Amino acid sequence: MNSLLESNVIFRNVYCFWAANPGNAEQCTPVGAVAVKDGLLPGGLEWLAYVMAGLSVILLIVNVYLVFAALYTYVDRRVLAKFQGRIGPNRVGPFGILQPLADGIKLMTKEDLVPAGADRWIFNLAPVVMMSSGILVLAVLPFGKDSFVVDLNIGILYVFAITGVNTLAMFMAGLASANRYAMFGGMRAVAQLISYEIPVVLSVVGIVMMAGTMSLVGIVEAQKVPFIFVQPLAFFVFIAGSSAEMNRSPFDQVEAEGEIIAGYHTEYSGMKFGVFQAAEFGAVLITSALIATLFLKGWEGPFLPSHVWFLLKLFFFAFIFIWIRATLPRLRIDQIMAYAWKFLLPLSLINIFVVAAEVLLLGDQITDSSGVSMDLTTSDMWIMAGINVVVAIVAVIGLAKITGMDARESTKVANVTRVIKGT
Amino acid sequence: MLTYLTGESLAQRIEVACPDAVKGWKRSDLWIAPESVLDVSKYLSTAPGMKFDLLNSISAVDYIDHFEIVYHLTSTSENLSIVFKAKVYGRDNPALPSVISIWQGADFQEREIWDLMGVTFQGHPNLKRIMLWDGYEGHPLRRDYLEPPR
Amino acid sequence: MSLSEPITVNVGPQHPSTHGVFRLRVTFDGELIVDLEPVFGYLHRGSEKLAEERTYTQVITLTDRLDYVSSMINNQAYVLACEKLSEVQVPERGSYLRTIAAELQRIASHLVATGFLLNDLGALATPLMYCFREREKILDLFEMLCGARITVSYMRVGGVFQDAPEDFWPAFKTFLEEMPYYIDEYEQFLVGNEILLMRLKGGNTVSKEQALNASITGPVLRSTGFSWDLRKVDPYEIYDRFDFDIPVGEQGDNFDRFYIRLQEMRESLRILNQCFKQIAPGPVRANVPYLYRPPAGDAYGRVESPKGELGFYLVSDGGIAPYRCKIRSPSLLNLSAIKEMLVGWKLADMIVTLGSIDINMGEVDR
């Protein structure tokens, strides 16, 4: 797969640094490649250079991801504390920034308990599965201009396929723990995550139709206008659905601490618990990155470097998730399911039909070697944005009325409580 | 405003329905025979002009030679409040009828009295320890209870 | 009909949302509750037995520890029972100070109830923190009154422990001025929240007849639409002098129980404002000896605590210690109909209902 060498700066540099000259002459000519004159490895070992380049990219990405996940736990706690009128962690290091490190040391040194009745293998495997699904998604995310591990042509499909494994990990953890609260958590996870997968995936169909590609890099490039304006309905469904996907409030049924203690990871302690936590906080980062990529032009932006833009957008959405978490109470399991099937699913279907019609009417048909595709100009997209904002408002309000999801309307809150004068 | 019925006026009303139930009265207190607690309660909870629908509390007092079970009742419709008491003699197995069939609120209170005082309520469907654990010996709220040596 | 194999779960005694060490043995069919049995006693300290070993004044410290979020009102119920025993006359200013302390405590207790209900709803401590912010101010006022914040032991037979210090009154006035704004804030944020309405409305209802039959009192009884408040129906202390209303609900559901508490805070503020205007200088405590010996007899003193009717049945044999001190705890009796309220609802509703009934294990187990 030569595309890695062509597209990925880090990969190309490491490869050119190691590989013998005759082997890398072709790839190391483009600008930006650091080629040692003779290469450090003898000839015939280009495959080893290739492997080392791959491993170094993996090492870099995974470590950056974990550091950001750890940093995000700190940000989450600090911001949450600000919302609640508290101070938050401020003791370890300047402004408490080393708190994640202290937490990590604490978790590492804790005893690793396995319940007596637990299915040991599955119990130990669950955190690994949970973590790996998060890490695998990183392979296709574009972090900045020309910064991605691989540009899969089915990128978004791959992302949904991999994140779907989360459900399995939670179910494994819940069932293997031999704890009834954990089982509640596992069962809730299966019910909720599978239900929300559908509206989330369907909401992305509209984006794929407009971009004409499933590659995340392609989707970023296709956004002449950020899709958050062009498809507000899809954005709404995606942000609601994905916060359910990663068990954030108000959909944190799976680990509702007030109801089922900690859900599927009730019985986990020590670093296994830490891995679950890291995976969860990582999931927020990945979801924020996905939202930024799909709806807010990803790494594109003026003046600042592309990576900075990407991080800014990522943390903007991560902040919104903290905000939602600090504000909203939790829904009941049946209300959550009703919300997915009665509200989000119709909305995503409406979005698909409206976007499909608009692309068909406004787009110009292009036939090239890869097949037939629709091309949309910037002005087309602004027209679509105008129409879709109206459609979104009408659809959300109308559907809320039809399905009875508007609690204020259906329960008539005003003046329920009478006041009795005297005795 | 609640009116507290005196023992005497209450006794007159009860004697109409349940003769032989009343044992005596003094000021606001009224003593009835323990075996007629259920009949009196039934009457009090349904009698026109009274309808005691709220059982405020059931208390038990250990007077060494007898236990006194005190019922505080309130009628929310007639704004009346009364007290009636029943003396239960014997320390081995003091017993009187349960009023749980009339007031559901008696459930926990009767269980508590049995648990801590050792007064049995006949007809209680679930008379077991409530504050202490199953298997506890003795009834600690009795005056002669001594902590078992460790 | 059972959809799946029923499983039995011990919810508690160590559970984040059972408000202490309450235990429910619940049988679930999936998420549905098919059967449950409350199990008490994990916080049983034998307060009634301990009271028999202490003098009348010393028992006041025990009452602090019953419902530890409404200590003032526990004190009040106990000293009222003592005063009924011996017919002590409380000086005017003493009564006013008691009423001020009790109504402040009622607001504090309702704030705790509201905050923890929202916590049970899954609002991740944010409303709880906002409620506790105001509770802190009340506790600061208590600290001025008696030096303690939780276990106050402020009231004595025949009055209160001491007069309020000079700097209490400006702080009290500031609190009275600020609090309505904060109650508005709670109401705006909480009652306007759709998820809260979806969760609380229409669920776990109890009817008036059912509630009365199960000896349920307090906000849970009033939520059924029945106006029953001992401050009105059987005015103790000086409550007959104040102009205040009793908020009642309509359906007896979780929302009504929650909303009544918000409204009761407003009514308590009205009472406090009137207290602030009416209170006049004077003695705060009748001349009652430390080793106080009421005449032999019995008395049942009761007050409207934030949870319901809190009663003390005291029997005196003429000695310095109560012969018997029975505590009628509203928290315990409010749980009488818990099975009827919960069976057929879901796990999440169970937690919310426990929060909306507002039980306090210190009082349930005593």
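Residues numbered from 1 in each chain as written. Chains lettered and ligands numbered in written order. Predicted model: local features only at pLDDT ≥ 70, side-chain atom pairs only at ≥ 80, totals over all residues.

Overview of the overall build of chain A
- Counting its secondary structure elements, chain A contains 18 helices and three strands.
- The buried share of chain A, taken over its 423 residues, is 43%.
- Taking contacts inside chain A between residues at least 6 apart in sequence as the whole, the part at least 24 apart equals 70%. (Helix = DSSP H or I, 4+ residues; strand = E, 2+ residues; numbered from the N terminus. Buried ≥ 20, exposed ≤ 12 C-beta atoms within 10 Å, placed from the backbone. Contact = placed C-beta atoms within 7 Å.)

Brief notes about the overall build of chain C
- Of regular secondary structure, chain C possesses 15 helices and nine strands.
- Taken against the 2.2 N^0.38 rule, which gives 21 Å for 366 residues, the C-alpha radius of gyration of chain C at 20 Å falls within 12% of a compact globule.
- For chain C, the C-alpha atoms occupy an extent of roughly 70 × 45 × 35 Å along the three principal directions.
- Taken over 366 residues, chain C has a buried fraction of 60%.
- Considering only residue pairs separated by 6 or more positions, chain C has 71% of its internal contacts joining residues 24 or more positions apart. (Rg over C-alpha atoms; globule rule 2.2 N^0.38 Å.)

Here's the deal with the sheet that holds strand β9 (residues 324-328) of chain C
Residue and element names in this part refer to chain C.
- Across the sheet, three strands lie side by side as β7-β8-β9; this open sheet has antiparallel pairing. The open sheet has two edge strands, β7 (297-305) and β9, and neither has a second partner. The average angle at which neighbouring strand axes cross in this sheet is 15 degrees, direction not considered. (Pairing = 2+ DSSP bridges. Axes fitted to C-alpha atoms, helices over the stretch in contact; angles between N-to-C directions.)

Examining the pairing of strand β6 (residues 80-89) of chain B
Residue and element names in this part refer to chain B.
- In terms of burial, β6 is largely enclosed, as seven of its ten residues are buried.
- With two bridges connecting them, strand β1 (residues 3-4) and β6 associate as parallel partners. In the sheet register, Thr3 faces β6, and the bridge partner there is Leu80.
- For strand β3 (residues 29-32) and β6, the ladder comprises two bridges, and the chain directions are parallel. Looking at β6, one finds that Ile32 is bridged to Ala86.
- Once strand β5 (residues 66-75) ends, the chain turns through four residues before running back antiparallel as β6, passing Asn79 with a positive phi of about 55 degrees.

Quick look at the pairing of β9 of chain C
Residue and element names in this part refer to chain C.
- The element β9 is largely enclosed, with a buried count of five among its five residues.
- Neither face of β9 is exposed, since Arg324, Lys326 and Arg328 on one face and Cys325 and Ile327 on the opposite face are all buried.
- Of the strand pairs in this sheet, strand β8 (residues 308-316) and β9 are connected by five bridges, and their pairing is antiparallel. In the strand pairing of β9, Phe312 is matched with Ile327.

Describing the domain arrangement of chain A
Residue and element names in this part refer to chain A.
- By the assigned domains, chain A splits into domain 1 (1-109) and domain 2 (111-421).
- The interface of domain 1 with domain 2 comprises 22 residues on the first partner and 21 residues on the second.
- Breaking the side of domain 1 that touches domain 2 down by element, the ones donating at least two residues are α1 (3-7), α4 (46-83) and α5 (99-109).
- The leading source of residues in the side of domain 1 that touches domain 2 is α4, at 13 residues. (Domains from an automatic or database assignment.)

Section: the packing of helix α4 (residues 92-120) of chain C against helix α14 (residues 347-357) of chain C
Residues and elements named next belong to chain C.
- It is at 8 Å that the axes of α4 and α14 come closest, and there the two elements cross at 180 degrees. Considering their axes alone, α4 and α14 lie roughly antiparallel with respect to each other. Along its contact with α4, which presents Phe116, Leu117 and Asp120, the element α14 presents Ile351, Val352, Gly355 and Ser356.
- Split into classes, the residues belonging to the contact of α4 with α14 amount to four nonpolar, two polar and one charged. (Parallel < 35°, antiparallel > 145°, perpendicular 65-115°, else oblique. Nonpolar A, V, L, I, M, F, W, Y, C, P; charged D, E, K, R; others polar.)

Examining the sheet that holds strand β1 (residues 7-11) of chain C
Residues and elements named next belong to chain C.
- Spatially, β1-β2-β3 is the arrangement adopted by the three strands of the open sheet, whose pairing is antiparallel. Each edge of the open sheet carries a strand with a single partner, namely β1 and β3 (32-39). Averaged over all adjacent pairs, the angle separating strand axes in this sheet is 20 degrees, with direction ignored.
- Bridging between strand β2 (residues 23-29) and β3 involves seven bridges; their strand directions are antiparallel. Bridging from a neighbouring strand, Arg23 pairs with Val39 of β3.

Quick notes on the nonpolar core
- In terms of nonpolar packing, the biggest core is built from 270 residues, with Tyr15 and Leu285 of chain A, Ile69 of chain B together with Ala81 of chain C touching the most fellow members.
- Counting contributing residues, this core receives three or more from each of domain 1 (1-109) and domain 2 (111-421) of chain A.
- For Leu285 of chain A, the residues in contact, after removing those within four places along its chain, are Phe68, Ala69, Tyr72, Leu314 and Ala318 of chain A. (Core = buried A, V, L, I, M, F, W, Y, C linked by C-beta atoms within 7 Å.)

What about unusual backbone geometry?
- Of note, the phi angle at Phe303 of chain A is positive, near 65 degrees, even though the residue is not glycine.
- Locating Phe303 of chain A in the fold gives a position in the loop between α14 (270-295) and α15 (306-327).
- In this structure, Glu87 of chain C is a non-glycine residue whose phi angle is positive, near 55 degrees.
- Mapping Glu87 of chain C onto the fold places it in the loop between α3 (71-86) and α4.
- Glu87 of chain C sits in the exposed class, given 9 other C-beta atoms within 10 Å.

What to know about the interface of chain C and chain A
- Taken residue by residue, the interface counts 45 residues in chain C and 35 residues in chain A.
- Residue assignment for the side of chain C that touches chain A shows that the elements contributing at least two residues are β1, α4, α5 (126-146), α7 (194-200), α10 (230-233), β6 (246-248), α11 (254-278) and α14 of chain C.
- Take the side of chain C that touches chain A: its biggest share by element is six residues, from α7 of chain C.
- For the side of chain C that touches chain A, the per-class residue count stands at 24 nonpolar, nine polar and twelve charged.

Some points on the packing of helix α6 (residues 168-191) of chain C against α11 of chain C
Residue and element names in this part refer to chain C.
- The N-to-C vectors of α6 and α11 enclose an angle of 165 degrees; their axes lie 10 Å apart at closest approach. In this view, α6 runs roughly antiparallel relative to α11, as classed from their interaxial angle. As α6 runs across α11, the sense of the crossing is left-handed. Across from Phe172, Lys173, Leu176, Met179, Pro180, Ile183, Tyr186, Glu187 and Val191 in α6, the residues of α11 making contact are Tyr259, Leu262, Met265, Arg266, Leu269, Leu272, Asn273 and Phe276. (Left-handed = near helix turned anticlockwise from the far one by under 90°.)

Focus on the confidence of the model for chain A
- Mean pLDDT over chain A stands at 81; residues scoring 70 or higher make up 87%.
- Across residues 410-417 of chain A, where pLDDT falls below 50, the model places 17 contacts with residues more than four positions away in sequence or in other chains. (pLDDT = per-residue confidence, 0-100.)

Brief notes about the environment of Glu166 of chain C
- Take Glu166 of chain C: it is sitting in the loop between β5 (159-160) and α6.
- C-alpha of Glu166 of chain C to C-alpha of Asp358 of chain C: the two residues are 192 residues apart in sequence and 35 Å apart in space.

Considering the confidence of the model for chain C
- With 99% of its residues at a pLDDT of 70 or more, chain C has an overall mean of 86.
- Both scores are available for the predicted complex, with the pTM at 0.87 and the ipTM at 0.89.

A few points about the environment of Phe175 of chain C
All names here are of chain C.
- By the secondary structure assignment, Phe175 is in helix α6.
- For Phe175, a count of 19 C-beta atoms within 10 Å corresponds to the partly exposed category.
- Sequence separation of Phe175 and Thr8 is 167 residues, and the distance between their C-alpha atoms is 48 Å.
- Ignoring anything within four residues of it in the chain, the contact list for Phe175 reads Lys137 and Leu141.

Things to note about the environment of Tyr313 of chain C
- Take Tyr313 of chain C: it is sitting in strand β8.
- Taking the C-alpha atoms as reference, Tyr313 of chain C lies 7.6 Å from Arg328 of chain C; in sequence the two are 15 residues apart.
- Beyond its immediate chain neighbours, meaning those up to four positions away, Tyr313 of chain C contacts Ser57, Ser59 and Val70 of chain B together with Asp298, Tyr300, Lys326 and Arg328 of chain C.

What about α4 of chain C?
All names here are of chain C.
- An ideal rise of 1.5 Å per residue puts 42 Å on 29 residues; α4 measures up with 42 Å between its terminal C-alpha atoms.
- When you tally the buried positions in α4, you get 27 out of 29 residues, the bulk of the element.
- Positive backbone phi, at 95 degrees, marks Gly122, one or two positions downstream of α4. (Expected span 1.5 Å × (residues − 1).)

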